[in-house]
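Next come the chains, spelled out residue by residue.
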Amino acid sequence: MSEFLVQALATLLGALAAFALEEQRRKRQERRAHAQSMKTAMFVLITQRTFLRNMEKQHLAPNKDNPLRAFTIHPTIHVAPAESIDIQALAFLLSAGDPELLNRLVVAEAKYKTFVTLLERRNTVHLHMQERVQQAQASGGITSGTADEILGVVGPLIAKQLPQMTDELYRLSNDALEFNQKACEELAESVKKRFPGEG
């Protein structure tokens, strides 16, 4: 065999080995990135669930059976976590045979954001109600403080909106918590299956 062929073969084998090593390195990096994306999504779900549970425990559950809960649940000062699930970073699930998990994560986050948006809007309406009640108290428009008297002061729109928003807040809270829990369990199971020993 000529020296040229030996050199060409050695060069080719070296290039193939370098290519194979680079491909292995790329796959390891991709695997680490996928694992990190899934773990980050888990963290986001947990922070969202913590917020939902705190709202349930501190504000919703204590007033659940109160017929005037729409008016007695005051605006909350809790700040909802702003972290979001990075759907782009999890898009690999579509081609990795787990599109339903990605869908569940999207829906779980949407339910959480819907709850937070309603909570913020309800806070605003409740603050308007409080302003009207305070103005009426200052001008002597409220004397006994009965529910009927207060409803008369706040007006028909707020008297209708606040109970509707409050009832929807209870419904959304339960729905968001339930969906979050299921999505978190499925995500944890998928992480264990895809990345065993990297928990």
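**Comments concerning the packing of aromatic side chains**
In the structure shown here, the tally under the stated rule is one aromatic pair. Where Phe 51 meets Tyr 112, the ring centres are 6.2 Å apart and the plane angle is 85 degrees; that geometry is what we call edge-to-face. Of this pair, Phe 51 sits in helix H1 (residues 3-60) while Tyr 112 is found in helix H4 (residues 99-138), placing the two residues 61 residues apart along the sequence. We classify Phe 51 as buried; its relative accessible area is 6%.

**Looking at the packing of H4 against helix H6 (residues 156-194)**
H6 packs onto H4 with a crossing angle of 155 degrees between their chain directions and a minimal axis gap of 8 Å. When the axis of H4 is compared with that of H6, the two are roughly antiparallel. For the pair H4 and H6, the crossing hand works out as left-handed. Taken together, the residues of the contact of H4 with H6 break down into 19 nonpolar, eight polar and eight charged.

**Considerations on the side chain of Asn 123**
Relative to the helices and strands, Asn 123 is located in helix H4. There is a polar contact of 3.3 Å between the side chain of Asn 123 and the backbone nitrogen of Thr 76. Sequence-distant contacts of Asn 123, defined by excluding residues within four places in its chain, comprise Pro 75 and Thr 76.

**Observations concerning empty space enclosed by the protein**
Rolled over the atoms, a probe sized like a water molecule indicates the empty space that remains. In this structure the tally under the stated criterion is one cavity of 30 Å³ or more. Here the largest cavity is characterised by a volume of approximately 30 Å³. The wall of the largest cavity is formed by Met 55, His 59, Leu 60, Ile 73, His 74, Thr 76, Leu 119, Arg 122, Asn 123 and Leu 169. Elements that contribute at least two residues to the lining of the largest cavity include exactly H1 and H4.

**Details of the pattern of salt bridges**
Applying the stated criterion across every chain yields a total of seven salt bridges. In this structure, the salt-bridge partner of Glu 109 is Lys 113, at a minimum N-O distance of 3.8 Å. Taken together, the residues Glu 109 and Lys 113, both in helix H4 and four residues apart, mark about one turn of the helix. A residue is classified by how much of its surface remains accessible, and Glu 109, at 7% relative accessible area, is buried. Note that Lys 111 is salt-bridged to Asp 175, the shortest N-O span being 2.6 Å. Of this pair, Lys 111 sits in helix H4 while Asp 175 sits in helix H6, placing them 64 residues apart in sequence.

**Side note on the environment of His 126**
Counting through the fold element by element, His 126 comes out in helix H4. A C-alpha to C-alpha distance of 10.0 Å links His 126 and Val 154, two positions 28 residues apart in sequence. In this view, His 126 contacts Ala 70, Phe 71, Ile 73, His 74, Pro 75 and Leu 162; residues no more than four positions away in its chain are not counted. For His 126, the side chain forms a polar contact with the main-chain oxygen of Ile 73, separated by 3.3 Å.

Cut-offs and rules
- Residues numbered from 1 in each chain as written.
- Predicted model: local features only at pLDDT ≥ 70, side-chain atom pairs only at ≥ 80, totals over all residues.
- Heavy atoms only, no water.
- Phe/Tyr/Trp six-rings, centres within 6.5 Å; stacked < 30°, edge-to-face > 60°.
- Helix = DSSP H or I, 4+ residues; strand = E, 2+ residues; numbered from the N terminus.
- Buried < 20%, exposed > 50% of the residue type's maximum accessible area, 1.4 Å probe, protein only.
- Axes fitted to C-alpha atoms, helices over the stretch in contact; angles between N-to-C directions.
- Parallel < 35°, antiparallel > 145°, perpendicular 65-115°, else oblique.
- Left-handed = near helix turned anticlockwise from the far one by under 90°.
- Nonpolar A, V, L, I, M, F, W, Y, C, P; charged D, E, K, R; others polar.
- Polar contact = N/O pair within 3.5 Å; in protein donor to acceptor, adjacent residues only side chain to side chain.
- Contact = heavy atoms within 4.5 Å.
- 1 Å grid on protein atoms, 1.4 Å probe; cavity = no way out; pocket = protein on both sides within 12 Å on 5 of 7 lines; lining within 4 Å.
- Points joined across faces, edges and corners; volume = space filled by probe spheres on them.
- Salt bridge = Lys/Arg side-chain N within 4 Å of Asp/Glu carboxyl O.

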